[in-house]
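Topology and contacts: notes
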Amino acid sequence: MCGIVGIVGKSPVNQAMYDALLMLQHRGQDAAGIVTGQGERLHLRKDTGLVRDVFRTRHMIQLKGNVGIGHVRYPTAGASSCSAEAQPFYVNSPYGIVLAHNGNLTNADDLKHDLFVEDLRHINTDSDSEILLNVLAHELQVQGKLRIDDHDLFQAVAGVHRRCRGGYAAVAMIPGFGILGFRDPNGIRPLVYGRRETDEGVEHMIASESVA
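Summarised in this report is the structure supplied together with it. Here the structure is a predicted model, which means the values were calculated and not measured. (Residues numbered from 1 in each chain as written. Predicted model: local features only at pLDDT ≥ 70, side-chain atom pairs only at ≥ 80, totals over all residues. Heavy atoms only, no water.)

1. Describing helix α5 (residues 128–141)
In this model α5 runs 20 Å from its N-terminal to its C-terminal C-alpha over 14 residues, within 8% of the 20 Å that 1.5 Å per residue would give. With respect to burial, α5 is a largely interior element, 13 of its 14 residues being buried. For α5, the N-terminal capping position is held by Ser127, with its side-chain oxygen 3.1 Å away from the main-chain nitrogen of Ser129. (Helix = DSSP H or I, 4+ residues; strand = E, 2+ residues; numbered from the N terminus. Expected span 1.5 Å × (residues − 1). Buried < 20%, exposed > 50% of the residue type's maximum accessible area, 1.4 Å probe, protein only. Polar contact = N/O pair within 3.5 Å; in protein donor to acceptor, adjacent residues only side chain to side chain.)

As structure tokens, this is what we get:
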């Protein structure tokens, strides 16, 4: 039962991401992580432990940018208390994608085999979240486009739904494009969307609970 959040803001989102993860801390106390986007550059901080322990002032200063995704982990798949299993996960091809995931893939072993044999992708952890990320990345890559639009993202998520079984909700960020949120076709895992008006414009948020 992990917690996930994604924000597209009009000002730096590091503090809002931190506050949101505090509100979602009850969903997982094993590890926490935040990735922010500043143009084409990603800034990542993740480690084992509670939100208040993982993020110190020196880390918050480095989390620059107006978009970001975050995660608090409850270990249901993969090793517990291992920093390598902390999320969000990153894959550089295509475009550079980071993803945070809540849920379980019931066909994870089959997917891992297919990703290696057919898609030529290496999975470095025992986490099914890394598998989900690589399935999404492959579904985007096979479209063979340098620049993608919303239609391409919908097509990729449809591919994820065809291949992945189980209950899952995820937020992903692609530098220079934005943030994507999706969940399994049956809506087993929760995901809520919110927006607020500011003097600079509308800000958007996706989270695994409305409390965030």
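2. Observations concerning the layout of surface pockets
Rolling a probe over the atoms, with the probe sized like a water molecule, indicates the empty space that remains. Considering only enclosed or pocket space, the largest pocket measures out at about 410 Å³ in volume. Elements represented by at least two residues in the lining of the largest pocket include exactly β1 (3–8), α6 (150–163), β7 (166–174), β8 (178–183) and β10 (201–207). For the lining of the largest pocket, the class distribution of residues is 15 nonpolar, 4 polar and 2 charged. Taken as a whole, the second largest pocket encloses approximately 230 Å³ of empty space. (1 Å grid on protein atoms, 1.4 Å probe; cavity = no way out; pocket = protein on both sides within 12 Å on 5 of 7 lines; lining within 4 Å. Points joined across faces, edges and corners; volume = space filled by probe spheres on them. Nonpolar A, V, L, I, M, F, W, Y, C, P; charged D, E, K, R; others polar.)

3. Side note on helix α1 (residues 14–23)
When α1 is considered as a whole, its buried residues turn out to be Asn14, Met17, Tyr18, Ala20 and Leu21. On an axial view of α1, the arc spanned by its buried residues comes to 165°, and they lie on one face. In this structure, the buried residues of α1 make contact with β1, β2 (31–38), α2 (51–54), α3 (57–62), β4 (67–73) and β10. (Arc of directions from axis to C-beta. Contact = heavy atoms within 4.5 Å.)

4. Re the state of the cysteines
Applying the stated criterion across every chain yields a total of 0 disulfides. Cys164 takes part in no disulfide bond, and the closest cysteine sulfur to it belongs to Cys2, at a distance of 16 Å. By relative accessible area, which is 3% here, Cys164 ends up buried. (Disulfide = S-S within 2.5 Å.)

5. A short note on the sheet that holds strand β5 (residues 89–91)
On the basis of which strands lie adjacent, the open sheet formed by 4 strands has the order β5-β6-β7-β8 and antiparallel pairing. Across the chains shown, the open sheet's two edge strands, defined by having one partner strand only, are β5 and β8. When the angles between neighbouring strand axes are averaged without regard to direction, this sheet yields 20°. Where β7 meets β8, 6 bridges bridge the pair, whose relative direction is antiparallel. Its bridge partner being in β8, Val171 is matched across the sheet by Gly181. Contacts from α5 reach β5, β6 (97–105), β7 and β8 within the one sheet, and its direction differs from that of β6 by about 125°. (Pairing = 2+ DSSP bridges. Axes fitted to C-alpha atoms, helices over the stretch in contact; angles between N-to-C directions.)

6. Structural notes on the sheet that holds β10
One open sheet accounts for 6 strands, arranged β3-β2-β4-β1-β10-β9; its pairing is antiparallel. Looking at which strands have only one partner, the edges of the open sheet turn out to be β3 (41–48) and β9 (192–198). When the angles between neighbouring strand axes are averaged without regard to direction, this sheet yields 10°. Pairing of β1 with β10 involves 4 bridges; the strand directions are antiparallel. Paired with Gly6 across the two strands is Ile206, which belongs to β10. On top of the sheet, α1 reaches β1, β2, β4 and β10; it is set at about 25° to β4, its chief contact.

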